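Observations on the three-dimensional arrangement
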Amino acid sequence: MTKDCVLVINCGSSSLKFSLIMPQSGQTILTGLAERLLSSEASITIKLDGNKETTALVEPYDHQTALSQLVSFLYQHKCEQRLLAIGHRVVHGGEQYSKPELISDVVERTIEALAALAPLHNPVNLVGIRASRQAFSHLPQVAVFDTAFHQTMDKVAYLYGLPFELYSQHSIRRYGFHGTSHYFVAKRFAELTDSPVDDINVITAHLGNGCSVAAIAGGKCVDTSMGLTPLEGLVMGTRSGSLDPGIIFHLYKQLGYSIEQIDNLLNKESGLLGISQLSNDCRTLEQAIAEQGNEQADLAMDIFCYQISKTIASYSASLSNLDGIVFTGGIGENSSLVRQRVVNRLKLLGFAIDDSANTDTRFGKCGNIAKSSHRDCWVIPTNEEWVIAEQTYQLISEDN
Ligand code: ADP
């Protein structure tokens, strides 16, 4: 059997997403999810050839157990022989990694050290890497970093207005996230507009539960809205995005919040959920606006969209040319309401939307939804798994 697939692993604290992808075509052979890990409810669902199979996991219900179950499945269905390598999504690569990296013990230790910058993400990514290095010890494993695409930013864009030693001694700077998604849609934009990727000047908006915007000049990232952590920038599902840092002192000193409560408030109770007092889910809010005229939901969506427009417009200072904007992520790909509200505020930059193209371009469709003779405005479904598979394949091919 030909070795033609990369297994892509995205490990969360209680979940493990995986897919088996042919790196050159992007064809997905198998997908799956192990969820509720570390609890007795842990299960794994694997989809292959249109068949979905869910199995309860056995003790100790952990990531290793999920991977062992996946390995047996791959052997059973003769997919194991097709594996070329394993590609891992790793959230934080710091300044150390601007490209994918073949995982060695040294790389593992560096990812561990970078956990200081991403305590919620890097340790769980490492759990997946360690379990997978045990389960697939005969295969090369590659780390693909969410921060890597943004490493081309200049100091002017990535330094904060803080004492310089906080950067030089403690690495406090803007890193940015969702890099594989911004990279993928920028590359697709170049293909779709028939331009060399090094010539494109575009602003990409990844709008999912987490949201970020990136300014891309000559195919390279020059600025992005997320910062040291994914909390900065846009209003998101449950994250506040940027705010006056003085609010944190006010909450602490005047309102008696503890640091943990503030952390929880800003990351889990704010954003669309906090403002609407209804839901973090864009679909639920749209439904509440359409069916009940829910004013709080409408306000949440308006604030969400205004922040996106404002951030996009602010990148006039980062780019000398602009070919267009790209919407992606669950909201960017599906919500015509959000796209309409965002673009309506960008008239000054020469954007206007075609209403019927906007309504039609949803649910995985790709297209330019701009009104004729206006700047391009694309909806491009993202595919972060494919980027991880492709970059893993490229790296192991260079290595051989
Ligand atoms: P994640 O960041 O977790 O990967 P996604 O990219 O899947 O999340 O985006 C999730 C968001 O996309 C949710 O707010 C969800 O409501 C929104 N979304 C998904 N489908 C639709 C739709 N048809 N209309 C509006 N919003 C949608």
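Here the structure is a predicted model, which means the values were calculated and not measured.

A count of helical and extended segments in the protein gives 15 helices and 14 strands. Taking 21 Å as the expected radius of gyration for a compact globule of 400 residues, we find that the protein reaches 21 Å, a close match to that expectation. Reported as C-alpha extents along the three principal axes, the dimensions of the protein are approximately 55 × 55 × 50 Å. Here the protein, with 400 residues, has 50% of them falling under the buried criterion.

Pairing is mixed in the open sheet, where 6 strands are placed in the order S11-S10-S9-S12-S14-S13. At either end of the open sheet lies a strand with only one pairing partner, and these are strand S11 (220–224) and strand S13 (367–368). Of the pairings in the sheet, the one linking strand S9 (residues 201–207) to strand S10 (residues 211–217) comprises 7 bridges and is antiparallel in character. Along S10, the bridge assignment pairs Thr204 with Ala214. Sitting on the sheet, helix H6 (residues 179–192) is in contact with S9, S10, strand S12 (324–328) and strand S14 (376–379), with an inclination near 135 degrees to S9. The strands that helix H11 (residues 295–314) touches are S9, S10 and S12; relative to S10, the one it contacts most, it runs at about 15 degrees.

A word on the site of the ligand. The local shell around the ligand holds 15 residues, among which Asn209, Asp281, Cys282, Arg283 and Gly330 are the closest. Between the ligand and Arg283, the relevant distance is 3.2 Å, taken from an oxygen atom to a main-chain nitrogen or oxygen of the residue. For the ligand, the accessible surface in isolation is 580 Å², of which the surrounding protein chains cover 72%. Looking at the shell around the ligand, the elements that each hand over two or more residues are helix H10 (282–292) and helix H12 (329–334). Here the element with the most residues in the shell around the ligand is H12; it accounts for 4 residues. For the shell around the ligand, a count of residues per class yields 3 nonpolar, 8 polar and 4 charged.

All right, on to the pattern of salt bridges then. On inspection of all chains with the given rule, the structure shows 14 salt bridges. Two residues, Arg341 and Asp302, come together in a salt bridge whose shortest N-O distance is 3.5 Å. With Arg341 in helix H13 (residues 336–344) and Asp302 in helix H11, this pair connects stretches of sequence that are 39 residues apart. Residue classification places Arg341 among the buried residues on the basis of a relative accessible area of 17%.

Each domain of the protein was delimited in the assignment, giving domain 1 (5–145) and domain 2 (194–384). On a C-alpha basis, the centroid separation for the pair domain 1 and domain 2 is 29 Å.

Contact geometry for helix H2 (residues 105–113) and helix H3 (residues 122–135): axes closest at 9 Å, N-to-C directions at 160 degrees. Considering their axes alone, H2 and H3 lie roughly antiparallel with respect to each other. Along this stretch, H2 crosses H3, giving a crossing that reads as left-handed. Contacts between H2 and H3 involve Asp105, Glu108, Ile111 and Glu112 from the first element and Asn122, Leu126, Ile129, Arg130 and Arg133 from the second.

Here we come to the packing of helix H1 (residues 63–76) against H3. Where H1 meets H3, the closest approach of the two axes is 9 Å, and the angle between their N-to-C directions is 40 degrees. Classified by the angle their axes make, H1 and H3 are oblique. The way H1 lies across H3 gives a crossing that is right-handed. Facing H1, whose interface residues are His63, Gln64, Leu67 and Val71, H3 presents Val127, Gly128, Ala131, Ser132, Gln134 and Ala135.

Thresholds, definitions, all that
- Residues numbered from 1 in each chain as written.
- Predicted model: local features only at pLDDT ≥ 70, side-chain atom pairs only at ≥ 80, totals over all residues.
- Heavy atoms only, no water.
- Helix = DSSP H or I, 4+ residues; strand = E, 2+ residues; numbered from the N terminus.
- Rg over C-alpha atoms; globule rule 2.2 N^0.38 Å.
- Buried < 20%, exposed > 50% of the residue type's maximum accessible area, 1.4 Å probe, protein only.
- Pairing = 2+ DSSP bridges.
- Contact = heavy atoms within 4.5 Å.
- Axes fitted to C-alpha atoms, helices over the stretch in contact; angles between N-to-C directions.
- Near = heavy atom within 4 Å.
- Polar contact = N/O pair within 3.5 Å; in protein donor to acceptor, adjacent residues only side chain to side chain.
- Areas by Shrake-Rupley, 256 points an atom, 1.4 Å probe, with all protein chains shown as cover.
- Nonpolar A, V, L, I, M, F, W, Y, C, P; charged D, E, K, R; others polar.
- Salt bridge = Lys/Arg side-chain N within 4 Å of Asp/Glu carboxyl O.
- Domains from an automatic or database assignment.
- Parallel < 35°, antiparallel > 145°, perpendicular 65-115°, else oblique.
- Left-handed = near helix turned anticlockwise from the far one by under 90°.

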